[in-house]
Amino acid sequence: MTRTGIFFTHFQGERLRDFPQALAGILDEENVSYYDAVYESRDGLYYLEPLSEELLLRVHSSAMVESVRLTGDYESASYSAGGTVQAAEKVFCGEIDNAFVFTGFGDHHAGKDFYSGMCYFNGAALAIANLKDKGIGRFAIVDTDCHHADGTRDIFKDDGNVLHVCFCHQDYNDSYNNVDVMISYRTSDEEYLTKVREEFVPRVESFKPEYIFWEYGYDATQGEYGDKGLTRDCHIKLAQLIKAVADRVCEGRLVVVLCGGSGRELATYTIPRIISCLAESGR
Ligand SMILES: [Zn+2]
Ligand SMILES: [Zn+2]
């Protein structure tokens, strides 16, 4: 049975107002663990930890870390990215097989020495730095947020051990396994899924990563600020596709990181379904 961890960190804003209540039912399932900084879970209180400064400085410059400190969001950003680090570590320990990480701030616009778009620290990059210390060598990051993952690209652009496939506004491909796939406006779900099947799946199958990180943004959904024409159900199909790839390629080791998107209804519709897919709960 697949064991799924849900990491619920501090957050701000409207979009996650319905959580964790919207996870009712899922949280009761035997194979689902809930890691939280705030609420009591079945297994008692579990306190998520903020990031260590040592790990932060492995990925980000000290000037950048200091400038995040000045925003007043440092603590929240630290818990937010810390959830991704802990999720990947729990997968590494064998406590869970896959994870969904609720983030208060995004990941993929945070580079070595810059941040933007409410992405202060790059949780996936920090989790990868942490796993590299434990001897894990190869990783894949698939990014279905509407926007280009400039921060993640900045961190891994010269790293041949990280496959980075980003679905955004341009086509690009280099010898360091950095790939961009252009998604035009008014793309249908089927067209999008076909691009993921053609551009991500064969690459990840031949790359053979030990972990897959999925930057899950829903801002390309109809009516969102990055509207590319996708329906809300496209994300559920993406989850099925990416989970199946992780099952085939890396024994199911998949960490899903919540990225862009603003609509509360879309979050409440898609996230529980994505988690159900991860946990194979048949909802
Ligand atoms: Zn975005
Ligand atoms: Zn891109």
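So, here is what we can say about the structure in this document. Owing to the predicted nature of the structure, the values given are computational and were not obtained by experimental measurement. (Residues numbered from 1 in each chain as written. Chains lettered and ligands numbered in written order. Predicted model: local features only at pLDDT ≥ 70, side-chain atom pairs only at ≥ 80, totals over all residues. Heavy atoms only, no water.)

Turning our attention to the coordination of the zinc ion (ligand 1). With distances of 1.9 to 2.8 Å, the protein atoms coordinating the zinc ion (ligand 1) are Asp145 (OD), Asp145 (OD), His147 (ND1) and Asp219 (OD). Its four donor atoms give the zinc ion (ligand 1) angles of 52 to 156° at the centre, a pattern that matches the irregular case. The sequence pattern describing where the donors of the zinc ion (ligand 1) fall on their chain is D-x1-H-x71-D. Taken together, the residues Asp145 in the loop between strand S6 (139-143) and helix H5 (150-156) and Asp219 in the loop between strand S10 (211-216) and helix H7 (232-249) connect sequence positions 74 residues apart. Judged on exposure class, the residue Asp145 and its partner Asp219 are both buried. (Donors = N, O, S within 2.8 Å, 3.2 Å for Na, K, Ca; no water. Tetrahedral: all angles 85-135°; square planar, octahedral: opposite > 155°, others 65-115°. Helix = DSSP H or I, 4+ residues; strand = E, 2+ residues; numbered from the N terminus. Buried < 20%, exposed > 50% of the residue type's maximum accessible area, 1.4 Å probe, protein only.)

For the zinc ion (ligand 2), every protein donor is listed as His148 (ND1), Cys166 (SG), Cys168 (SG) and Asp180 (OD), and the spread of their distances is 2.1 to 2.3 Å. Taken together, the four donor atoms surrounding the zinc ion (ligand 2) define angles of 103 to 117° at the centre, an arrangement classified as tetrahedral. All donor residues of the zinc ion (ligand 2) come from one chain, and their arrangement in sequence is H-x17-C-x1-C-x11-D. You can see His148 sitting in the loop between S6 and H5 and its partner Asp180 sitting in strand S9 (residues 178-182), a full 32 residues away along the chain. Looking at Asp180, the relative accessible area reads 3%, which means it is buried.

Here we come to the side chain of His148. Assessed through its relative accessible area of 16%, His148 is described here as buried. Within the local environment of His148, its side chain forms a polar contact with the side chain of Asp180, the two groups lying 3.4 Å apart. Not counting residues within four places of it along the chain, the set of residues in contact with His148 comprises His108, His109, Arg153, Cys166, Cys168, His169, Gln170 and Asp180. (Polar contact = N/O pair within 3.5 Å; in protein donor to acceptor, adjacent residues only side chain to side chain. Contact = heavy atoms within 4.5 Å.)

Structurally, Thr103 can be placed in the loop between strand S5 (98-102) and helix H4 (123-133). A residue is classified by how much of its surface remains accessible, and Thr103, at 2% relative accessible area, is buried. Among the polar contacts listed, one links the side chain of Thr103 to the backbone oxygen of Leu258, at a separation of 2.6 Å.

One can find Arg248 in helix H7. In this structure Arg248 touches Val201 and Glu205, once residues within four positions along its chain are discounted.

Strand order in this open sheet of nine strands is S2-S1-S5-S11-S10-S6-S7-S9-S8, and the pairing throughout is mixed. Sheet topology places strand S2 (32-36) and strand S8 (172-173) at the edges, where each strand pairs with a single neighbour. With five bridges connecting them, strand S1 (residues 4-8) and S2 associate as parallel partners. Residue pairing across strands places Phe7 opposite Tyr35, the latter belonging to S2. Docked against the sheet, H4 engages S6, strand S7 (162-168) and S10, running at close to 170° with respect to S10. Each of S1, S5, S10 and strand S11 (254-258) touches helix H8 (residues 264-278); the most contacted strand, S5, lies at about 165° to it. (Pairing = 2+ DSSP bridges. Axes fitted to C-alpha atoms, helices over the stretch in contact; angles between N-to-C directions.)

Our next topic: the pairing of S9. Where a strand is regular, its side chains alternate between the two sheet faces. Of all five residues making up S9, four are buried, and the element is well covered by its neighbours. Here two bridges tie S8 to S9, and the two strands are oriented antiparallel to one another. Opposite Tyr172, over in S9, you have Asp180 as the bridge partner.

This brings us to the packing of helix H3 (residues 74-93) against H4. Look at H3 against H4: their axes get within 8 Å of each other, and the N-to-C directions meet at 40°. The angle between H3 and H4 places the two elements in the oblique class. Relative to H4, H3 is oriented so that their crossing is right-handed. Between H3 and H4, the residues in contact are Ala81, Thr84, Val85, Ala88, Glu89 and Phe92 and Gly123, Ala124, Leu126, Ala127, Asn130 and Leu131, respectively. Considered class by class, the residues forming the contact of H3 with H4 number eight nonpolar, three polar and one charged. (Parallel < 35°, antiparallel > 145°, perpendicular 65-115°, else oblique. Left-handed = near helix turned anticlockwise from the far one by under 90°. Nonpolar A, V, L, I, M, F, W, Y, C, P; charged D, E, K, R; others polar.)

Attention shifts here to the state of the cysteines. In protein chemistry, a disulfide is the covalent bond that joins the sulfur atoms of two cysteines. According to the stated counting rule, one finds zero disulfides in the structure shown. Residue Cys119 stays outside any disulfide, its sulfur separated by 5.7 Å from that of Cys259, the closest cysteine. Taking the relative accessible area as the measure of exposure, Cys119 reaches 3% and is therefore buried. The structure places no disulfide on Cys277, whose sulfur is separated from the nearest cysteine sulfur, that of Cys234, by 13 Å. Overall, the relative accessible area of 14% leaves Cys277 in the buried class. (Disulfide = S-S within 2.5 Å.)

Any link to function would need more than the numbers given here.
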